[in-house]
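# Structure at a glance
Chain by chain, the residues:
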Amino acid sequence: QVQLVESGGGSVQSGGSLRLSCAASGYTYSSDCMGWFRQAPGKEREGVAHIDGTGRTRYADSVKGRFTISRDNAKNTLLLQMNSLKSEDTAMYYCAADPPCYSYYYAFTEAYFPYWGQGTQVTVSS
């Protein structure tokens, strides 16, 4: 059974940093695609960052230069380092897994991600 468990969310002031983690279990991890998505109150869920099995990364324009996605294959963990946080980054953050990597060309298409975590809340105060 595939399980994704996020952690690392919290409250931080504008300009601060947080690091989110997503522990994955239940499938072979290193060759898949994984992503971070977020959903703010009253808004649709949106893609934030994506990484494939080769380590290639892609980011939403709103977070480029501030967020970094990475993976620790030894620990089966997906990471999201978030720096220079802004109030508009406030949202529930979800990690998602796409084992066949169908999202290779469509990084932020949710339909390609069959597995999702429960989310971790990030609140940025100005």
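Residues numbered from 1 in each chain as written. Predicted model: local features only at pLDDT ≥ 70, side-chain atom pairs only at ≥ 80, totals over all residues. Heavy atoms only, no water.

Moving on: the packing of aromatic side chains. All told, the structure shown has seven aromatic pairs when counted by the stated rule. Ring geometry for Phe 37 against Trp 116: centres 4.8 Å apart, planes inclined by 55 degrees, an arrangement best described as tilted. Placement of the pair is Phe 37 in strand β4 (residues 33-39) and Trp 116 in strand β10 (residues 115-116), with a sequence separation of 79 residues. Taking the relative accessible area as the measure of exposure, Phe 37 reaches 0% and is therefore buried. Given a relative accessible area of 25%, Trp 116 falls into the partly exposed group. Put simply, the rings of Phe 37, Phe 108, Phe 113 and Trp 116 pair up and form one aromatic cluster. Positioned above the aromatic ring of Tyr 94, the side-chain terminus of Arg 45 is 5.1 Å from the ring centre. A cation over a ring is seen here: Arg 56 above Tyr 104, with NZ or CZ 4.3 Å from the ring centre. (Phe/Tyr/Trp six-rings, centres within 6.5 Å; stacked < 30°, edge-to-face > 60°. Helix = DSSP H or I, 4+ residues; strand = E, 2+ residues; numbered from the N terminus. Buried < 20%, exposed > 50% of the residue type's maximum accessible area, 1.4 Å probe, protein only. Lys NZ or Arg CZ within 6 Å of the ring centre and 35° of its normal.)

Cysteine pairs can be covalently joined through their sulfur atoms, and such a bond is termed a disulfide. One pass over the structure, following the stated rule, counts two disulfides. Shown here is the disulfide that connects Cys 33 with Cys 101, its sulfur atoms set 1.8 Å apart. Here Cys 101 lies in the loop between β9 (91-98) and β10 and Cys 33 lies in strand β4, a separation of 68 residues in the sequence. The residues Cys 33 and Cys 101 share a single accessibility class, namely buried. Once the bonded cysteines of the chain are numbered in order along the sequence, the disulfide links fall as 1-3, 2-4. (Disulfide = S-S within 2.5 Å.)

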